[in-house]
Amino acid sequence: MKHCDVAIIGGGVAGCSAAIHLARRGVNAVLFESKTYPHHKVCGEFLSPECGDLLNDLGVMPDVLVHRPPALDTIRFVTPGGVEWTTRLEEDALGLSRYALDDLLMRQARDLGVEVHEHTTVQNIQKTNGKPFLLDVHTHSGDSDCVEAQVVIAAHGKRSRVDTALNRSFLRRSQPFVGLKAHFRGPHTGTRIDLFTFPGGYCGMSAVEGGVVNVCLLVQQDVFHRAGGVNEFVAWMASQNPLLGEWLAQAEMLYPRWLSISQVTFAPKNPVEGGLLMAGDSAALIAPLAGNGMAMALRSGEMAARYAAELLSGTQTLDAYAHEWRAAFGERLRLAGFLQAVLLRPALLEPGLRLLNTIPALGSYFVHHTREYTAHSRLETQ
Ligand SMILES: Cc1cc2nc3c(=O)[nH]c(=O)nc-3n(C[C@H](O)[C@H](O)[C@H](O)COP(=O)(O)OP(=O)(O)OC[C@H]3O[C@@H](n4cnc5c(N)ncnc54)[C@H](O)[C@@H]3O)c2cc1C
C-alpha cells in the first residue's frame with residue numbers, strides 16, 4: 001500500500017493548482033489523473049483577467065506566454081433575431097487551449113516534486129473514523145492499488161465515479177445540458193469573444209493560440225436530442241443564428257469530430273463531502289457564459305491546498321473551508337445562474353440586451369460581479 005499526506009483526485013486546473021501550492025508548502029502530495037497529457041477538453045478556453053494573478057502565483061505565466069495566446073478584450077452577444085450587445089472587459093483576457101494549459105500546469109507540479117500518476121483512476125474512497133482515507137486506484141493497464149492518505153482533495157471535475165461513490169445528492173437532480181467543442185480555422189475573430197444564442201442554448205467563439213478559433217457550446221439536452229445526432233444538431237443550430245451559420249460555413253473544423261460532454265448540471269453541490277475538500281467543478285460549476293470556471297478552479301485549488309496543509313497540522317477545520325469557499329464564490333454563482341436563465345429565454349433575452357444597450361452601466365455590473373478583480377489581475381501579454 002502507498003502512503004501520502006494529501007491525495008489529489010483529478011489533474012485539471014483545480015487539481016494541478018492544488019498540487020503546485022502543496023508542493024510549495026513542502027507537503028507530500030500525490031495526484032491521480034484518469035487521462036494522459038496533453039488532451040483536449042470541452043471548454044470555451046477563455047482565461048478571464050482574474051487568472052493573471054493566479055497563474056503568476058503558480059509560476060507558470062512564462063510557460064503560458066510561450067504559446068503566444070491572443071488577448072481578448074470584448075464580448076459580443078448576438079441573438080437569432082440579430083439583436084447585439086457588445087461590452088469591453090475591464091482587463092484583457094487570454095485565449096489558451098486546455099490542451100496547452102492543463103499540460104503546462106501538470107509539468108509545473110511534477111517539476112516541483114509532486115508525484116503525478118496519469119492514466120490512473122480513483123474508483124472508490126473509504127474512510128473509517130479516526131483512520132486515514134483509503135483510495136482504490138486503477139491504472140489504464142489494469143493494475144490496481146490501495147493508497148492511504150491523511151487528506152483528500154477531490155478535483156475530479158463536473159461528474160465522476162467519485163461522486164457516485166460518495167452518493168452525492170446533485171446526481172439525483174436533473175442533468176439537463178450537453179456541451180460540445182471543436183477547434184476551427186476560419187474568418188478572423190480578432191480580440192472579441194462572440195456568444196451566439198439559439199433556442200435552448202448558446203455558442204461561444206474566440207481565438208486561442210496558433211491562429212485557431214475555439215467554438216464551444218452549451219445546449220439543453222432535449223433540444224440536442226431532438227436533432228438526432230451531433231452533425232444534425234450543429235446544422236440546426238447554424239440555421240437558427242444567421243451570423244453563426246455564416247461563420248461556420250466559411251470555417252474548417254480541425255478535429256475529426258466534435259468533443260462532447262453530457263449530463264452537465266448547475267445544481268448546487270457542497271464544497272466538503274465525505275470529509276473530502278472539493279475544488280473546481282466538483283464543488284460547483286458556474287454557468288459558462290461567465291467565463292470564470294477556470295479562475296474559480298485555480299483559486300479553489302489554492303484554497304484547498306492551504307486548508308489541506310492546515311488540516312494536517314490540526315490548525316483548521318473542514319467547516320472553515322466550506323465557509324471560506326461559499327464566501328468567495330456564492331455570489332457569482334448565483335448571478336451567473338440568473339444570467340444563464342435569461343439567456344435561455346428568447347422572450348426575455350432580446351428586451352434584456354436592448355436594455356443593456358440603453359443602460360451600459362448595468363452590463364458593466366454583470367461583467368464585474370460574475371468574477372472577482374484584484375488590483376493586479378491584469379494578464380500581461382507582453
Ligand atoms: C461548455 C462549457 C464552456 C466553458 N467555457 C469556459 C471558459 O471559456 N472559461 C472558463 O474559465 N471556464 C469555462 N468553463 C468551465 C471550465 O471548463 C471548468 O470550470 C474547469 O475546467 C474546471 O476545472 P476542474 O479542474 O475543476 O475540472 P476539469 O478540468 O474537468 O478536470 C477534472 C479532471 O479530473 C479527472 N478525473 C475525473 N474523475 C477522475 C477520477 N475518478 N480519478 C482520476 N482522475 C479523474 C478528469 O480526467 C479531468 O482531467 C466552461 C464549461 C463548459 C461546460
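Refer to the structure presented above.
Remember, it's a predicted structure, so these values are computed and weren't measured experimentally.

*Asks:* Any chance you could explain the nonpolar core here in plain terms?
*Replies:* As a rule of thumb, nonpolar side chains are buried together in soluble globular proteins. Counting 101 residues, the largest nonpolar core has Val6, Ile8, Leu22, Leu55, Leu105, Leu135 and Ile153 as the members making the most contacts within it. If one sorts the elements of this core by residue count, helix α9 (residues 293-312) sits on top with eleven residues. Every residue in contact with Ile153, bar those within four places of it in the chain, is listed here: Val6, Ala7, Ile8, Ile9, Ala18, Leu22, Leu277, Ala279, Ala304, Ala305 and Ala308. Counting 25 residues, the second largest nonpolar core, distinct from the first, contains Met205, Val219, Met237 and Trp258.

*Asks:* Any chance you could explain the side chain of Gln108 here in plain terms?
*Replies:* Relative to the helices and strands, Gln108 resides in helix α4 (residues 98-111). Relative accessible area serves as the criterion here: at 14%, Gln108 is assigned to the buried category. If we ignore the near neighbours within four places in the chain, the residues touching Gln108 are Ile20, Arg24, Leu58, Gly59 and Val60.

*Asks:* Could you clarify how one ought to interpret the site of the ligand in this entry?
*Replies:* In the neighbourhood of the ligand, 36 residues make up the surrounding shell, with Glu33, Gly44, Arg98, Asp281 and Met294 lying closest. The side chain of Asp281 places a nitrogen or oxygen atom 2.7 Å from an oxygen atom of the ligand. Of all elements in the fold, only α1 (13-24), β7 (120-127), α5 (161-166), β13 (212-220) and α9 reach the threshold of two or more residues within the shell around the ligand. Residue composition of the shell around the ligand, by class: 14 nonpolar, 14 polar and eight charged.

Rules of the game
- Residues numbered from 1 in each chain as written.
- Predicted model: local features only at pLDDT ≥ 70, side-chain atom pairs only at ≥ 80, totals over all residues.
- Heavy atoms only, no water.
- Core = buried A, V, L, I, M, F, W, Y, C linked by side-chain atoms within 4.5 Å.
- Buried < 20%, exposed > 50% of the residue type's maximum accessible area, 1.4 Å probe, protein only.
- Helix = DSSP H or I, 4+ residues; strand = E, 2+ residues; numbered from the N terminus.
- Contact = heavy atoms within 4.5 Å.
- Near = heavy atom within 4 Å.
- Polar contact = N/O pair within 3.5 Å; in protein donor to acceptor, adjacent residues only side chain to side chain.
- Nonpolar A, V, L, I, M, F, W, Y, C, P; charged D, E, K, R; others polar.

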